[in-house]
Amino acid sequence: MLPPELQSRAFRPYISSSASAPSFATTSSSYNGDQNPNPNPSPTSSSYYGGGAASRSRRASSSMKNSRLSPSSFIHNARMAVALVPIAAFLLDHGGTPVVATIIVGLMIAYILDSLNFKSGSFFAVWFSLIAAQITFFFSSSLYYTFNFMLLTLLAAFTCALANFLIGVWVSLQFKWILIEYPTIVVALERLLFACVPIIASALFAWATVSAVGMINAAYYLMVFNCIFYWLYSIPRVSSFKLKQEVSYHGGEVPEDSFILGHLESCVHTLNLVFIPLLFHIASHYLIIFSSSANVCDLFLLFFVPFLFQLYASTRGALWWVTKNENQLQSIRFVNGALALVVVVVCLEVRVVFHSFGRYIHVPPPLNYLFVTITMLGGAVAAGTYSLGMVSDAFSSLVFTALAIVVSASGAIVVGFPILFLPLPSIAGYYLARFFTKKSLSSYSAFVVLGSLMVGWFVMHNYWGLNIWIAGMSLKSFCKLIVGSVILAMAVPGLAVLPPQFRFLTEAGLISHALLLCYIENNFFNYSNVYYYGMDDVMYPSYMVIMTTFAGLAIVRRLSVDHRIGSKAVWVLICLYSSKLFMLFMASKTVLWVSAVLLLAVSPPLLLYKDKSKSASKMKPWQGYAHAGVVALSVWFCRETIFEALQWWNGRPPSDGLLLGSCILLTGLACVPIVAMHFSHVMAAKRYLVLVVATGLLFILMQPPIPLAWTYHSDVIRSARQSTDDISIYGFMALKPTWPSWLLIAAILLSLAGVTSIIPIKYIVELRTSYAIAVGVALGIYVSAEYFLQAAILHALIIVTMVCTCVFVVFTHIPSASSTKILPWVFALIVALFPVTYLLEGQVRINKSWLGESGVEDIAEEDSKIATLLAIEGARTSLLGLYAAIFMLIALEIKFELASLMREKFAERGGLRHSQSGESSSAASVPPRLRFMNQRRASTMPTFTIKRIAAEGAWMPAVGNVATVMCFSICLILNVHLSGGSNSAIFFLAPVLLLLNQDSDFFAGFGDKQRYFPVTVAISAYLVLTALYSIWEDVWHGNGGWGVDIGGPDWIFAVKNLALLILTFPSHILFNSFVWSYTKQADSRPLLTIPLNLPSVIMTDLLKIKILGLLGAMYSVAQYLISRRQYFSGLKYI
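Residues numbered from 1 in each chain as written. Predicted model: local features only at pLDDT ≥ 70, side-chain atom pairs only at ≥ 80, totals over all residues. Heavy atoms only, no water.

## Some points on the overall build of the protein
Which entries qualify depends on this criterion: Put simply, DSSP marks the helices as runs of H or I at least four residues long and the strands as runs of E at least two long, and each gets a number from the N terminus on. In what follows, a contact means two residues having at least one pair of non-hydrogen atoms within 4.5 Å.
The number of helices and strands found in the protein is 48 helices and four strands. Expressed as a percentage of contacts within the protein between residues at least 6 apart in sequence, the contacts between residues at least 24 apart total 74%.

## Considerations on the side chain of Glu-897
Quick reminder of the rule: Relative accessibility decides the category of a residue: with a 1.4 Å probe and only protein chains considered, values under 20% of the type maximum give buried, values over 50% give exposed, and everything between is partly exposed.
Inspection of the secondary structure puts Glu-897 in helix H36 (residues 859-917). You can call Glu-897 buried: its relative accessible area is 15%. Those residues within four positions of Glu-897 in sequence are excluded, and the remaining contacts are Thr-812, His-813 and Met-956.

## Brief notes about the packing of aromatic side chains
Worth spelling out the cut-off: Side-chain rings of Phe, Tyr and Trp (the six-membered ring for Trp) are treated as a pair once their centres are within 6.5 Å; stacked means planes under 30 degrees apart, edge-to-face means over 60, and tilted covers the remaining angles.
In the structure shown here, the tally under the stated rule is 36 aromatic pairs. Considering the side-chain rings of Phe-417 and Trp-457, the 5.0 Å spacing of their centres and the 70 degrees angle between planes classify their relative orientation as edge-to-face. With Phe-417 in the loop between helix H15 (394-414) and helix H16 (423-438) and Trp-457 in helix H17 (residues 441-462), the pair connects residues that are 40 residues apart, well separated along the chain. Here the aromatic cluster, defined as three or more aromatic residues joined through ring pairs, consists of Tyr-386, Phe-400, Phe-435, Phe-436, Tyr-444 and Phe-447.

## Some thoughts on the confidence of the model for the protein
Note: predicted coordinates in regions of low pLDDT should not be interpreted at a detailed level. Selection criterion: For every residue, the predictor states its confidence as a pLDDT score lying anywhere from 0 to 100.
A residue-level look at the protein finds 76% of positions with pLDDT of 70 or above and a mean pLDDT of 76. The spread of mean pLDDT over the elements of the protein runs between helix H1 (residues 52-56), the lowest at 37, and helix H10 (residues 218-233), the highest at 92. Confidence drops under a pLDDT of 50 for residues 1-69, and excluding neighbours within four residues, the segment shows 130 contacts in the predicted structure. Low pLDDT (under 50) marks residues 529-537, which in the prediction has 19 contacts with non-local residues, meaning those over four places away or in another chain.

## Notes on helix H18 (residues 475-496)
Stated formally: For a helix, the expected span equals 1.5 Å multiplied by the number of residues minus one.
Helix length check: H18, at 22 residues, gives a terminal C-alpha distance of 32 Å against a target of 32 Å (1.5 Å per residue), a fit within 8%. On its buried face, H18 sits against H17, strand S1 (469-470), strand S2 (473-474), helix H19 (503-526) and helix H20 (542-561).

## A word on a nonpolar patch on the surface
Counted only if it meets this: Like charges within 9 Å and nonpolar side chains (Val, Leu, Ile, Met, Phe, Trp, Tyr) within 5 Å are joined into patches, using only residues over 30% in relative accessible area that form no salt bridge. Here, Shrake-Rupley sampling with a 1.4 Å probe gives the accessible areas, and only protein chains in the shown set may cover a residue. Should a side-chain nitrogen of Lys or Arg be within 4 Å of a carboxyl oxygen of Asp or Glu, the pair is scored as a salt bridge.
Together, Leu-271, Phe-275, Ile-276, Leu-279, Ile-282, Tyr-286, Leu-287 and Ile-288 line one region of the surface with nonpolar side chains, adding up to about 770 Å² of accessible area. If you trace the backbone, Leu-287 turns up in the loop between helix H11 (263-284) and helix H12 (293-313).

## Looking at the pattern of salt bridges
Once the charged atoms of two side chains with opposite charge are near each other, the side chains can pair. With the rule as written, the count across this model stands at six salt bridges. Residues Arg-351 and Asp-298 are paired through a salt bridge, measuring 2.7 Å at the closest nitrogen-oxygen approach. Taken together, the positions of Arg-351 in helix H13 (residues 326-356) and Asp-298 in helix H12 put the pair 53 residues apart, joining distant regions of the chain. A residue is classified by how much of its surface remains accessible, and Asp-298, at 4% relative accessible area, is buried. Residues Glu-326 and Arg-333 are paired through a salt bridge, measuring 3.6 Å at the closest nitrogen-oxygen approach. Residue Arg-333 is classed as buried on the basis of its relative accessible area, which comes to 6%.

## Looking at the layout of surface pockets
Convention followed: Think of a 1 Å grid over the protein atoms and nothing else: a 1.4 Å probe that fits but is trapped marks a cavity, an open set flanked by protein within 12 Å on at least five of seven lines marks a pocket, and residues with an atom within 4 Å of a point count as lining. Grid points are joined across faces, edges and corners, and a volume is the space filled by probe spheres set on the points. Polarity classes work like this: nonpolar for Ala, Val, Leu, Ile, Met, Phe, Trp, Tyr, Cys and Pro, charged for Asp, Glu, Lys and Arg, and polar for all others, with Gly in that last group.
Size it by volume and the largest pocket reaches roughly 1900 Å³. Together, 45 residues line the largest pocket, and Val-224, Phe-225, Tyr-543, Ile-546 and Met-547 are the ones closest to its centre. Going through the elements one at a time, helix H3 (77-95), helix H9 (183-213), H10, H12, H13, H20 and helix H21 (567-579) are the ones with two or more residues in the lining of the largest pocket. A total of 12 residues in the lining of the largest pocket trace back to one element, the largest contributor, which is H20. The residue inventory of the lining of the largest pocket, partitioned by class, reads 37 nonpolar, five polar and three charged.

## Re unusual backbone geometry
For the peptide bond that leads from Pro-365 to Pro-366, omega is 5 degrees, which places it in the cis range. As for its placement among the helices and strands, Pro-366 is situated in the loop between H13 and helix H14 (367-387). In this structure, Lys-439 takes a positive phi of about 55 degrees despite not being glycine. By the element assignment, Lys-439 lies in the loop between H16 and H17.

## Details of the environment of Phe-788
If you trace the backbone, Phe-788 turns up in the loop between helix H33 (765-787) and helix H34 (793-813). Spatially, the C-alpha atoms of Phe-788 and Leu-879 are 9.2 Å apart, while their sequence positions differ by 91 residues. Excluding residues that lie within four positions of it along the chain, Phe-788 makes contacts with Val-783, Leu-794, His-795, Ile-798, Ala-875, Ser-878 and Leu-879.

## Structural notes on the packing of H14 against H15
Test applied: Fitted lines through C-alpha atoms serve as axes, helices being fitted only where they are in contact, and the angles separating the N-to-C directions of these axes extend from 0 to 180 degrees. If you view the pair so one helix is near and one far, a crossing is left-handed when the near helix is turned anticlockwise from the far one by less than a right angle, and right-handed when it is turned clockwise.
Contact geometry for H14 and H15: axes closest at 8 Å, N-to-C directions at 145 degrees. For the pair H14 and H15, the crossing hand works out as left-handed. Taken together, the residues of H15 that come into contact with H14 (itself represented by Phe-371, Val-372, Ile-374, Thr-375, Gly-378, Gly-379, Val-381, Ala-382, Thr-385 and Tyr-386) are Phe-400, Leu-403, Val-406, Val-407, Ser-410, Gly-411, Ile-413 and Val-414. Looking at the contact of H14 with H15, its residues break down into 12 nonpolar, six polar and no charged.

## A word on helix H45 (residues 1065-1077)
The α-helix winds at 3.6 residues per turn, so residues separated by three or four positions along the chain end up facing the same way. End to end, H45 covers 18 Å across 13 residues, agreeing with the expected 18 Å (1.5 Å per residue, within 8%). Of the positions making up H45, those classed as buried are Ser-1067, His-1068, Leu-1070, Phe-1071, Asn-1072, Phe-1074 and Val-1075. At the exit of H45 stands Tyr-1078, carrying a positive phi of roughly 55 degrees.

## Re the side chain of Ser-634
For the record, the criterion: Residues adjacent in sequence count toward polar contacts only when both atoms are side-chain atoms; beyond that, a polar contact is any pair of N or O atoms within 3.5 Å, and within protein one must be able to donate a hydrogen and the other to accept it.
By the element assignment, Ser-634 lies in helix H24 (residues 621-637). Taking the relative accessible area as the measure of exposure, Ser-634 reaches 9% and is therefore buried. A distance of 2.7 Å separates a polar atom in the side chain of Ser-634 from the backbone oxygen of Val-630. Apart from the residues lying within four places of it in its own chain, the contact partners of Ser-634 are Val-597, Leu-598 and Ala-601.

## Concerning the environment of Asn-983
Position of Asn-983 among the secondary structure elements: in the loop between helix H40 (955-979) and helix H41 (985-989). Asn-983 gets classed as buried once you look at its relative accessible area, which sits at 14%. Separated by 43 residues in the primary sequence, Asn-983 and Thr-1026 place their C-alpha atoms 8.8 Å from one another. If we ignore the near neighbours within four places in the chain, the residues touching Asn-983 are Leu-1023, Leu-1103, Lys-1104 and Ile-1107.

Here it is, written out as structure tokens:
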């Protein structure tokens, strides 16, 4: 029996539009290049393998017309993500920070190349980053110290490298151009993924599990992961790259070459499933394999359990490569399954039942072996036959019912059920079998009643009288909860078969059971100790929480697919089961219920409205407001758990600002699904959401002081803040005032509100003025209080400077009628305030420190003067940085506005030409009045020249140039003050000159063609001037290098380095003139200047001259290559 997507059309009403691609010729002997699997081919279609070498040499565009392959997207991404995403996280964890940094840099480069529409470059960048990350992984990971054996280390390294390669293959399938241009290659890549991922993923998942829980049961972990990934990837599936026409197979059958995997891969997967766990167990436990019966049973279990799973998977087509005859497959399942089932049952008896539950078996030997075997083997046979659909007629139903009665009675005898009441379990087994065969609800009700009585008797008989406290409660209370949970679990299957009008009973039973399970596991996991007469033992492991969570989610999904429960019940159940996983990360008693509340508040946009129409908003506005309010209230209700989470993460109680910011950020992120999925067309919702998220981030980063009443409505938070541990350890610490952070937060939020048009400054000039002044005042007070707290006289000047800057930027970006007249004077005021503020700061401090001093000075006064001079120097450096940032902002804003103006002019001219070119063809359809208006507009269109820009705003280019030059000059001064004139700083500072503009006064001949000339000239001039200064300084101070060391005069040092410096001039002069004009010169001139730079690199005593020589050689090579490219481009144009 094949899976639904591979069944014939007679058994399924719909076939997916994603088609398959044929497999390689080596995988099938039935379908080769000479035989088409489609008996009725289209005249335009051809077999993938029938074209030969001639068809493979065709271009991709022509092959797509005649190929059965389709450039559709890869449809198995979710299936691949199940294995490859955890593997990637595992490899990153083992590689550490170097691997993460390599991957981040590589992906950033790939993203930049992709954004520039350089698709092939992005593809190769991804692969090169993966290769670099793998090389880094080999050197940064501790594989050898982990395994301490060279062969295992090499095997682990090879496995990690292969996993990295598979991740690259998966990423390659996401590039659409590869799917279009190379359709045959993507089929091979898809097949490679499905062939290798199950084996590699099982090994790495088992490795990760063993690293976490130990090596004792490693073979069983590998067996489980083998079964999971075999089910995900080895069940036959159709390729993603199949034309829609190929879905309509002749007779409704899928040909073998349409499967992703072939005979060889399916056979290898089967061998891996059945034999690899057994071989791994033998290799790791070869010393104790036959030491006991339990170890021997391990061998049988590791072989026959995967074998049984393989037989069950054959009902989904897993053994298609063996035979397609359904009768043969059924006989294979029956014979091999019976033998395997007997072996598995016997081994489980020895390995599990008698080993772990022997105390509950009340039958003396040898009868205990007989009754346990009857119970387990009979139950397994009944379950297997029913799951395989073998209970289909009257005789099989009779045998199934008799087997259920015998198993129930035998099980009751094993657990010690009184012989007098033995008919009760027999009747319960009869009614259970009748429910499965007849679907009788009354029979199942009788089974639930009788089963509840037997469960109650078992609990009363074995646990009721024990004086044990579990999870903070007595054993009797715990028994009540367990009995209630079992009764609900037994009742739900019967409720699920009720008519749809009684579906609420099923939903109520499932939700009640989930709540009860959450309560029990929360107590067990957070009070995970059993206290019995002083004995302390952990009894509820983490994997039980994971198992019950995923089992519950699987049941919910199955019932939802079968329409047994509604969407609201699915929503509640998913939130309850998912909230249990948070217990694994936080040791808190309330984290389960808090996370459940948060999930219930956040998930409705994802789960409750997904079935409605997508043409408009799925929520109504009042519903969106209601959900957002519920989210905010839920976050505030859960603030104690958020506080505990932040305390666990930071190692100490978080500040008030961090707590409030985390709550605001969590509220904003929780509202993202509401806006993204239901109000994506409402711009106001997006703007307010951005503002909320930005507020939370600012509170987290700045952590402003918050009044106690905002956060201390909680005993947990209050008690944590009143702890004296910090004082006893660190003592009392003087804290820096943090109130200015409120001003910075207000300024940033105001700016963000203005940019997103929440504040309508674009339309009201008065509001725009008030907005600019408010932002400037807030920034000015923040800068003054944060960095110039002791210089009070500067506060007014700094505030005025910041207000002028904000007014200039705002009105340059959104001009008004009179802004073109006022803004130049505002900029002039900023420039004038710069020297006044710089000089006034030092003068005021000097006068305050030295006023009224006598002629006799002691050492303390000298120290005070030195401290004052140092403070003045630091304050002046800060002022230089502040004004550099101001001038940089002004230059960027003017550059942006001029570029926008040029784009508008070009667009306007392009639209005019387009309209003129189409005028002749559309003149008949254009009304005469409109045609006349277009002609008049064309006749009055101003020409796009620099004079026109100068007439509209002559001050903008000049102001931008002044701001750029001042910013560059201040940065050079800061470079001298902070780094002593670093040689490499000029390469980071020179790009500032890219902000220069063409104006009518200073840079009239400067245009877009010469935009790189100031950068190259600045670098060359800076290095030349600093080299001359270094020569003069060394000669002046007597540090003339080798000439002085051996007794020679200083002029030898100076002449030698000056000569070497002059040798670098030709390359720099030629390249800078080339950058200015971009005119092709003789090819030999740049190449001839390269040897002149070699003596400067080899013989000089100064690093600056050596850098000039290297830079000159690079300039010559770059000029030659650019000239050659221009030459070939000209030939192509000709």
